[in-house]
Amino acid sequence: MEDDSSCSSAVTGPAQVSFLQRTLERLSSTQCLKLTAEEASPVAVIALQRYLSEQTEGQQQPDSYSYDVTLTDGVWRAKCVVHSSLNHLVHRNTLRTGADISIAQCSFVYNERRLGHGYMCIEKLRCGAGRSEVLSRVKDVSALPMLVKHGMERSTVLQSDVPLQVSRKHYLSLWNNDDPEGDMWTSGCPSSDTVLDEICLNPRNPASVITVVSPKSVLPQWGLPEVSYQFTTRSELDKLANNAACDIIGLVTFVGRVERVKSKGNKGPEKFWTYRWVHAVDGTTEQHFILEIFSSSQPEIFSRICPMTYLVCTQMRVCQVEGALPYVTSSCETEMFITGYHKGQPYVSDPRVKSFIQWTKTLKDNVILQKTAVGGHYCYPRAPKIFSQPTADASGQVPLVAAADLKKELETLQYREHKKLAIQGQITAVRYMNSPKSTESQGPEGKEVPDVSADAHEQAVPDTHNPTTAEQTLSAILTSEEILASRRKRRMRNAEQSSLSHGGVPAKRRARHENTEEGRGQEEEEEEEEGVQDVERGLQLQNQASDVLSWESSGWLKQRQELCQHLCGGGLYQDSISRRFTFDEKNVLLQWSNLQAMRWTPEQTADMTPPVVSPGYYQITILGINKQIAVDAAYFPVVRSNEPRAVGLLQDPHGNTMLSCLSSGFLCPLSDTEDNSDASLPAPEEILMTASELEDTHMVCILDLCHLGGDKVEILINKVYRVTEVSLE
């Protein structure tokens, strides 16, 4: 009798030793295979595909979606099912294409209702760090044979681009439910003779059948109307009514990163929309078009929008904003066209399109390139001047949440998901940071993720009744003891640093260990030397390369010790800062600003974009109004007039106090220099001199949350309100 554990004989096996082949053979004699770190060779993820989970009667599914992962060890390719307990790794982009993993536990699952069908299921794994070493040794991944269990070679499912769980007949886009997905779409547009079957997301019968009709086949008796356009110039946009429809054409100067937002009011499986912000100019005014573009059925165009391209968006809707510039957003009828897709479109003969093309001929690329940017944090419009108590039926308002709810929001935030929330509290500490957190040292790019299984995932949920474990709410959160220990290791005395005074009170003071006997002794000595009775916080060397100026409220030391939780994993990252666009780095910048690809290609490089010089930012500690939970957020002020976040920003003059900066979002006046060397900009220590006005001040803080992948969670302060700026109506 032939051993059914051997691999497919339909393909002549390569001569090299294959970890995947050996694993499949071992699964013939055991139901579940556990692999030690020494046994598990790394395999690369080359595809990650999503589909609706099978609904078993009487069983509650932990997730609405399932995932198939295609792996390679450099010898074979193998498509496997990801166990549902590992889905959270996909949600956070920890398990991703182009990276290596090590399988810690797997099994082989037979389909009991179908002959000759089964698959490997990955139940535990370790995610590697950085770029894939396996893929660097493979010349052509597509040329590697598919690993199929002997006796299953004739299974059409195992040889096709369809889900392994055979009740589903097609895959969904990995990050939203709008983009088409599958071999038919990825290989090019279907011809007019193609009949498209089963592209409807509705799993019930009858299946949708769509026939594509070529323009030449359209009969006059059908009476189809001519395509009409309503192109609006930027100079005319301000006059249009809210929600008015318009078409726009412009030269793109800024393209934001792709972000996701959950579909509201959806009663079925969880759905996400993907969108990005774009700036464009048309020469009719100095103002920019501000566009909020959602991906729909044109993923190829959506992902290729970049600066210096001519962008046409039809059937956009105008959004008038009180006290700010209007923006336009996609509608269900919107179509997008970029350079390379305009030929043959009916709008090319429109007079306003012709006028725009004539204007672009007067431009010089090197001049426009100096005004371009890609990626980074961007959010529009900014919060209004007065914060109003949100109502249940007001979808446009920012929800006001409890500090405990903020913790839950951070725990459930998924890759590139953006949320805007408001919390009440007090600002108890401010630290000036010279540079953002390094992307390379965070998340799966910078460390190995340990074995993850259903049990381990459940253990990661904190015991809210035990304060010693409550701070482990997120993978990036450190306990207060760890933070203090880390600070003690890094802290150094800067004997050469002289103090600045303002009104007789030093603006910079040396750091001290406030909660140790040594620290209290140092404090007493300095108070005698300086004649200061209340020294809160001074200069602190976080590492040998960067000084950290900081301020603390008088009660923060005691309040910090009484906290139940301190959410201190969020902040500003290199990915939060936009980059200047160049044609040489076009593909790298597009890959960086787009979502993680569901299929790896040789063009998909793991090289990170070069770090940018940051003007610095402020790390703000917000203590919840009930003083039980604190959260760290970054305040990243706008400092230059030519950066994307300055577009549409109300630049009312203010005094550059800590509070006025947090309220306005920018330093006054904005600099016109590229290197932030403008002498008119206030120095960080000058701003921190005024931080004492934050003491015991009840505020409402608007926070922008975005999950950047792995354990990187961006938490930025959008705006703060004093109680005098809050409406209770």
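Residues numbered from 1 in each chain as written. Predicted model: local features only at pLDDT ≥ 70, side-chain atom pairs only at ≥ 80, totals over all residues. Heavy atoms only, no water.

## What to know about the overall build of the chain
In terms of regular secondary structure, the chain is built from 17 helices and 31 strands. Counting all 729 residues of the chain, 51% fall into the buried class. The long-range fraction of contacts in the chain, counting pairs at least 24 apart against all pairs at least 6 apart in sequence, stands at 70%. As displayed, the chain has an accessible area near 35400 Å², and 50% of this comes from carbon and sulfur atoms. (Helix = DSSP H or I, 4+ residues; strand = E, 2+ residues; numbered from the N terminus. Buried < 20%, exposed > 50% of the residue type's maximum accessible area, 1.4 Å probe, protein only. Contact = heavy atoms within 4.5 Å. Areas by Shrake-Rupley, 256 points an atom, 1.4 Å probe, with all protein chains shown as cover.)

## A word on the nonpolar core
Counting residues in hydrophobic clusters, the biggest one holds 69 residues, and the most contacted among them are Leu71, Leu95, Ile122, Leu291, Ile293, Ile305 and Leu311. Excluding its chain neighbours within four sequence positions, the residues that come into contact with Ile122 are Val69, Leu71, Cys80, Val81, Val82, His83, Leu86, Ile103, Gln105 and Cys106. With 38 residues, the next largest nonpolar core counts Ile427, Val631, Tyr635 and Ala691 among its residues. (Core = buried A, V, L, I, M, F, W, Y, C linked by side-chain atoms within 4.5 Å.)

## As for the pairing of strand β2 (residues 43–52)
Among the 10 residues of β2, 10 are classified as buried, and the element is accordingly described as predominantly covered. Pairing geometry for β2 and strand β5 (residues 100–110), over 2 bridges, is antiparallel. For Val43, the partnering residue across the bridge sits in β5 and is Ile101. Where β2 and strand β3 (residues 65–72) come together, 8 bridges link them in antiparallel fashion. In the sheet register, Gln49 faces β3, and the bridge partner there is Asp68. (Pairing = 2+ DSSP bridges.)

## Quick look at the packing of aromatic side chains
Given two aromatic rings, one states the distance between the centres and the angle between the planes to describe the pair. Counting across every chain of the model gives 20 aromatic pairs. One aromatic cluster is present, formed by Phe254, Trp277, Tyr327, Tyr378 and Tyr380 through successive ring pairs. The cationic tip of Lys149 hangs over the ring face of Phe108; the distance from NZ or CZ to the ring centre is 4.8 Å. In this arrangement the basic side chain of Arg276 is found over the ring face of Phe302, its NZ or CZ atom lying 5.4 Å from the centre. (Phe/Tyr/Trp six-rings, centres within 6.5 Å; stacked < 30°, edge-to-face > 60°. Lys NZ or Arg CZ within 6 Å of the ring centre and 35° of its normal.)

## Observations regarding the side chain of Gln49
Relative to the elements of secondary structure, Gln49 occurs in strand β2. Here Gln49 falls in the buried class, since its relative accessible area comes to 2%. In terms of polar contacts, Gln49 uses its side chain to reach the side chain of Asp161, at 2.8 Å. Look past the residues within four positions of Gln49 in its chain and what remains in contact with it is Ser66, Tyr67, Asp68, Thr70, Lys79, Asp161, Tyr171, Met598 and Arg599. (Polar contact = N/O pair within 3.5 Å; in protein donor to acceptor, adjacent residues only side chain to side chain.)

## Brief notes about a nonpolar patch on the surface
A grouping of Val213, Val218, Leu219, Trp222 and Leu224 is seen on the molecular surface, where their side chains present a nonpolar patch of about 440 Å² in accessible area. Within the fold, Leu219 resides in the loop between β8 (209–211) and α4 (234–237). A relative accessible area of 37% places Leu219 in the partly exposed class. (Patch = residues over 30% accessible without salt bridge, like charges linked within 9 Å, V, L, I, M, F, W, Y side chains within 5 Å. Salt bridge = Lys/Arg side-chain N within 4 Å of Asp/Glu carboxyl O.)

## Overview of the environment of Arg168
Tracing the backbone through its elements, the reader meets Arg168 in the loop between β6 (118–127) and α3 (183–186). When its relative accessible area of 18% is taken as the criterion, Arg168 is described as buried. The spatial distance from the C-alpha of Arg168 to the C-alpha of Ser53 is 8.2 Å, given a sequence separation of 115 residues. Within the local environment of Arg168, its side chain forms a polar contact with the backbone oxygen of Leu52, the two atoms lying 3.1 Å apart.

## Considerations on the state of the cysteines
Inspection of the entire model under this criterion finds 0 disulfides. For Cys106, which is in no disulfide, the shortest distance to another cysteine sulfur is to Cys32 and amounts to 7.3 Å. For Cys106, a relative accessible area of 0% puts it in the buried group. With no disulfide of its own, Cys319 lies closest to Cys246 among cysteine sulfurs, the gap being 9.8 Å. (Disulfide = S-S within 2.5 Å.)

## Some remarks on the confidence of the model for the chain
Of all residues in the chain, 76% have pLDDT values of 70 or greater, and the mean over the chain is 80. The model gives residues 454–521 a pLDDT under 50, and that stretch makes 111 contacts with residues more than four places away or in other chains. Within the model, the stretch residues 523–546 combines pLDDT values under 50 with 60 contacts to residues more than four positions away or in other chains. (pLDDT = per-residue confidence, 0-100.)

## Digging into the environment of Glu300
If you trace the backbone, Glu300 turns up in helix α5 (residues 299–304). Since its relative accessible area comes to 52%, Glu300 is described here as exposed. Put simply, Glu300 and Asp179 are 121 residues apart on the chain and 9.4 Å apart in space, counted from C-alpha to C-alpha. At 2.9 Å, the side chain of Glu300 and the side chain of Tyr341 are in polar contact.

## Remarks on helix α6 (residues 351–360)
At 3.6 residues per turn, the α-helix brings residues three or four places apart onto the same side. Of all the residues in α6, the buried ones are Val353, Phe356 and Thr360. Buried residues along α6 cover an arc of 60 degrees about the axis, so they all sit on one side. Structurally, α6 contributes buried residues whose contacts are with β9 (245–255), β11 (272–281) and β13 (310–319). For α6, the N-terminal capping position is held by Asp350, with its side-chain oxygen 2.9 Å away from the main-chain nitrogen of Arg352. (Arc of directions from axis to C-beta.)

## Details of unusual backbone geometry
Working note: non-glycine residues mostly have negative phi, and peptide bonds are mostly trans. In this chain, Tyr380 is followed by Pro381 through a cis amide linkage whose omega measures -5 degrees. Checked against the element boundaries, Pro381 lands in the loop between β16 (373–374) and β17 (387–388). Going from Cys668 to Pro669, the amide bond is cis rather than trans, its omega being -10 degrees. A positive phi is found at Asn93, a non-glycine position, where the angle reads about 60 degrees. A residue is classified by how much of its surface remains accessible, and Asn93, at 5% relative accessible area, is buried. Notably, Arg416 is not glycine yet its phi reads approximately 60 degrees, a positive angle. For Arg416, a relative accessible area of 7% puts it in the buried group.

## Things to note about the pairing of strand β29 (residues 699–709)
Residues in a regular strand point their side chains to alternate faces of the sheet. For β29, the tally of buried residues reaches 11 of 11 residues, placing the bulk of the element in the interior. As paired strands, strand β18 (residues 418–433) and β29 are joined by 8 bridges and run antiparallel to one another. The partner of Ala422 across the bridge, within β29, is Ile702. The pairing of β29 with strand β30 (residues 712–722) spans 10 bridges and is antiparallel. Note on β30: the bridge partner recorded for Cys701 is Val720. From the end of β29 to the start of β30, which pair antiparallel, there are 2 residues, and Gly710 there has a positive phi angle of about 65 degrees.

## Remarks on the pattern of salt bridges
Evaluation of the coordinates by the stated rule reveals 18 salt bridges. For Glu181, the salt bridge goes to Arg599, with nearest N and O atoms at 2.7 Å. Remark: Arg599 occurs in the loop between α15 (586–593) and β25 (617–624) and Glu181 occurs in the loop between β6 and α3; sequence separation between them is 418 residues. Look at Glu181 and you get buried, because its relative accessible area is 14%. With its nearest N and O atoms 2.5 Å apart, the salt bridge here joins Glu562 to Lys558. Residue Lys558 is classed as exposed on the basis of its relative accessible area of 52%.

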